[in-house]
Amino acid sequence: ASAFALARYGDRSGVQIIKGLAWFRQHRMTAYEALMRLGEKSARRYLHKQLRKSKARYDRLRAAVALGMAGDPAGLKLLRARLKQPGMHMGIALALQKLGAKEAREVLGRALSHTALRIQAARALQTYGDTRRVRELVKYLSSPSEDARLTAAAAIVLLTAAPEGR
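Quick look at the structure, then. No experiment lies behind these values; they were computed from the predicted model shown.

## Observations regarding the overall build of the chain
Right, on to step 1. On a plain count of helices and strands, the chain comes out with eleven helices and zero strands.
Right, on to step 2. Seen in sequence order, the chain has helices and strands lined up from the N terminus as α-α-α-α-α-α-α-α-α-α-α.
Right, on to step 3. In the chain, 44% of the contacts between residues at least 6 apart in sequence involve partners at least 24 apart.
Right, on to step 4. With the model as given, the accessible surface of the chain reaches about 9800 Å², and the carbon-plus-sulfur share is 53%.
Right, on to step 5. Between the averaged position of the 32 positive side-chain charges in the chain and that of its 12 negative side-chain charges there is a distance of 8 Å.

Take a look at the structure:
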């Protein structure tokens, strides 16, 4: 688990452990998603193959999300199609946002109403320079839940700050 956490933050020290876990079917997709975050070429090849040939619909979607998060548009059509289906599709929206697709905004905006997703959604919306959502967050500042208040305040700061890289 620690190797995956390290990979999430770009730390390559657990690469050999993750590659070892890729040999086990039950860990394979998670391992290749982590390896993709680290820029491993073998992961890109594996995920492209899963996207094209996997019989498991969920594996194709996970491959599309992992590729999208790395800026690879190979799964864009699948991501757009799944985003239109009912439900909260945070991973799909984040992958689309990384690819610069505008349709992710609606899902990211809805995610602001969920305490657990609020900061991640605000960080993604920040890249669009979308400050319209701040009004929606103000109501959470008086919530009885400390978590709701803190995440709302953090989201407001993110949405009103200059987008990263500008």
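## What about the pattern of salt bridges?
Right, on to step 1. In the structure shown here, the tally under the stated rule is seven salt bridges.
Right, on to step 2. Notably, a salt bridge pairs D72 with R44, separated by 2.7 Å at the nearest N-O pair. Residue D72 is found in the loop between α5 (57–69) and α6 (76–83), and its partner R44 is found in helix α4 (residues 41–53); the two are separated by 28 residues along the sequence.
Right, on to step 3. Residue D72 is classed as buried on the basis of its relative accessible area of 10%.
Right, on to step 4. Overall, R44 belongs to the partly exposed group, its relative accessible area being 33%.
Right, on to step 5. A salt bridge links R133 to E136, with the shortest nitrogen-to-oxygen separation between them at 3.5 Å.

Reading guide: rules and limits
- Residues numbered from 1 in each chain as written.
- Predicted model: local features only at pLDDT ≥ 70, side-chain atom pairs only at ≥ 80, totals over all residues.
- Heavy atoms only, no water.
- Helix = DSSP H or I, 4+ residues; strand = E, 2+ residues; numbered from the N terminus.
- Contact = heavy atoms within 4.5 Å.
- Areas by Shrake-Rupley, 256 points an atom, 1.4 Å probe, with all protein chains shown as cover.
- Lys, Arg positive; Asp, Glu negative; His and termini not counted.
- Charge placed at Lys NZ, Arg CZ, Asp CG, Glu CD.
- Salt bridge = Lys/Arg side-chain N within 4 Å of Asp/Glu carboxyl O.
- Buried < 20%, exposed > 50% of the residue type's maximum accessible area, 1.4 Å probe, protein only.

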